[in-house]
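Observations on the model geometry
These are the residues of each chain, in order.
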Amino acid sequence: MNVHVTGNDVGARTLAIVGELKGLEGPLLPILHEIQAEFGYVPQESLPVIAEQLNLSRAEVHGVVTFYHDYRDHPTGRHVLKLCRAEACQAMGGDEVAERVKSLLGIDFHQTTLDGAVTLEPVYCLGLCSCAPAAMFDGAVHGRVDAELAKELVAEARR
């Protein structure tokens, strides 16, 4: 992830990514995933480049980016901690875990710690309903998250 780039670099790198992937069937989602992997988010400067190269309107591209919650419009912390907010996780203590994590980090959902270490995001189902409550830390899924595991995840994120 390269978050220190200029507008020209964003446009050039976006053009290269689109060039690599536009031959795929339904290339928009793979292109957006690759751009987010490259920059850590989908920069606004990328949208007109994608639209032009795929012969779509900017509104269509913007609509896809804003429809899917996994795409970000701003950089995240070095680590991303996602807490499941779905009903099964809430029924199994997810609200208490969320409050504990927010307290430990000193932030709320959709925020990043001041040191840039951790971004906390809500997610609505990780598919671990039988192991609720669930969390995802940097892409790794954790089930049966309790206060102790929450504390461990936060400590790992702070390293």
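Residues numbered from 1 in each chain as written. Predicted model: local features only at pLDDT ≥ 70, side-chain atom pairs only at ≥ 80, totals over all residues. Heavy atoms only, no water.

Operational definition: UniProt positions are given in the numbering used here, feature names are shortened, and annotations may be inferred rather than shown by experiment.
Taking an unreviewed UniProt entry as the reference, the protein is identified by name as Formate dehydrogenase subunit gamma belonging to Shinella lacus. According to UniProt, the comment filed for the protein under the heading Sequence similarities (unreviewed entry) is "Belongs to the complex I 24 kDa subunit family."

Here we look at the overall build of the protein
Stated precisely, the cut-off is as follows: Put simply, DSSP marks the helices as runs of H or I at least four residues long and the strands as runs of E at least two long, and each gets a number from the N terminus on. In this description, contact between two residues means that some pair of their heavy atoms is separated by no more than 4.5 Å. The charged-residue count follows a simple rule in which Lys and Arg add positive charge and Asp and Glu add negative charge, with His and chain termini not counted at all. The location of each charge is read from NZ of Lys, CZ of Arg, CG of Asp or CD of Glu.
Helix and strand content of the protein: 7 helices and 5 strands. Secondary structure elements of the protein occur, N-terminal to C-terminal, as α-α-α-α-β-α-α-β-β-β-β-α. In terms of its C-alpha atoms, the protein occupies a principal-axis envelope of roughly 50 × 30 × 20 Å. At a minimum sequence separation of 6, the contacts of the protein that also span at least 24 residues come to 59%. Put simply, the protein has 13 plus and 22 minus side-chain charges, and the middle of one group is 5 Å from the middle of the other.

What to know about the packing of aromatic side chains
Heads up, the condition is: Each aromatic pair joins two rings of Phe, Tyr and Trp (for Trp, the six-membered one) with centres within 6.5 Å, and gets the label stacked for planes under 30 degrees apart, edge-to-face for over 60, and tilted for any other angle. Exposure is judged per residue with a 1.4 Å probe applied to protein chains only, and the accessible area is read against the type maximum: over 50% gives exposed, under 20% gives buried, and values in between give partly exposed.
Within this structure, the stated rule accounts for 2 aromatic pairs. For the ring pair Phe-67 and Tyr-68, a centre distance of 4.9 Å and an interplane angle of 90° mean the geometry is edge-to-face. Measuring from ring centre to ring centre gives 6.2 Å for Tyr-68 and Tyr-71, while their planes differ by 90°; the resulting arrangement is edge-to-face. Tyr-71 sits in the buried class, given a relative accessible area of 9%. By the ring-pair criterion, three or more aromatic residues cluster together here, those being Phe-67, Tyr-68 and Tyr-71.

Focus: a nonpolar patch on the surface
Note the following rule: Patch members must show over 30% relative accessible area and no salt bridge, and they are joined within 9 Å when carrying like charges or within 5 Å when they are nonpolar side chains of Val, Leu, Ile, Met, Phe, Trp or Tyr. Residue burial considers only the protein chains on display, and all accessible areas are found by Shrake-Rupley using a 1.4 Å probe. Between Lys or Arg on one side and Asp or Glu on the other, a salt bridge is scored when a side-chain nitrogen of the former is within 4 Å of a carboxyl oxygen of the latter.
On the surface, a cluster of nonpolar side chains totalling about 300 Å² of accessible area is made up of Leu-29, Phe-67 and Tyr-68. When you line up the elements, Phe-67 lands in helix H4 (residues 58–67). In this structure Phe-67 comes out as exposed when scored by relative accessible area, which is 59%.

With respect to the packing of helix H6 (residues 94–105) against helix H7 (residues 147–158)
The following threshold applies: For helices, the fitted axis covers only the stretch in contact; all axes are lines through C-alpha atoms, and the angles between them, taken along N-to-C directions, range from 0 to 180 degrees. Crossings are classed by handedness, with left-handed meaning an anticlockwise turn of the near helix from the far one by less than a right angle and right-handed meaning a clockwise turn.
Where H6 contacts H7, the two axes come as close as 10 Å, and the packing angle between them is 35°. Considering the relative orientation of H6 and H7, their crossing is right-handed. In contact with Val-97, Arg-100, Val-101, Leu-104 and Leu-105 of H6, H7 contributes Ala-147, Ala-150, Lys-151, Val-154 and Arg-158.

Here's the deal with the sheet that holds strand S1 (residues 79–84)
Basically, it comes down to this: By the convention used here, strands pair only if DSSP detects at least 2 bridges between them.
Taking strand neighbours across the sheet as the criterion, the 5 strands line up as S2-S3-S1-S4-S5 in an open arrangement whose pairing is mixed. Every interior strand has two partners, whereas the edge strands, strand S2 (111–112) and strand S5 (140–142), have only one. Running over the sheet, H7 touches S1, strand S3 (118–123), strand S4 (135–137) and S5 and is turned about 20° from S4.

Things to note about the pattern of salt bridges
Summed over all chains, the structure comprises 8 salt bridges. In this structure, Lys-82 and Asp-70 form a salt bridge, with 2.6 Å as the shortest nitrogen-oxygen distance. Of this pair, Lys-82 sits in strand S1 while Asp-70 sits in the loop between H4 and S1; the two residues are 12 residues apart in sequence, bridging distant segments of the chain. Owing to a relative accessible area of 10%, Lys-82 belongs among the buried residues under this scheme. The class of Asp-70 is partly exposed, set by a relative accessible area of 39%. Measuring nitrogen to oxygen at the nearest pair gives 3.1 Å for the salt bridge that ties Lys-102 to Glu-99. Taken together, the residues span about one helical turn, with Lys-102 and Glu-99 both in helix H6 at a distance of 3 residues. Each of Arg-13, Glu-20 and Glu-38 takes part in a single network of salt bridges with overlapping partners.

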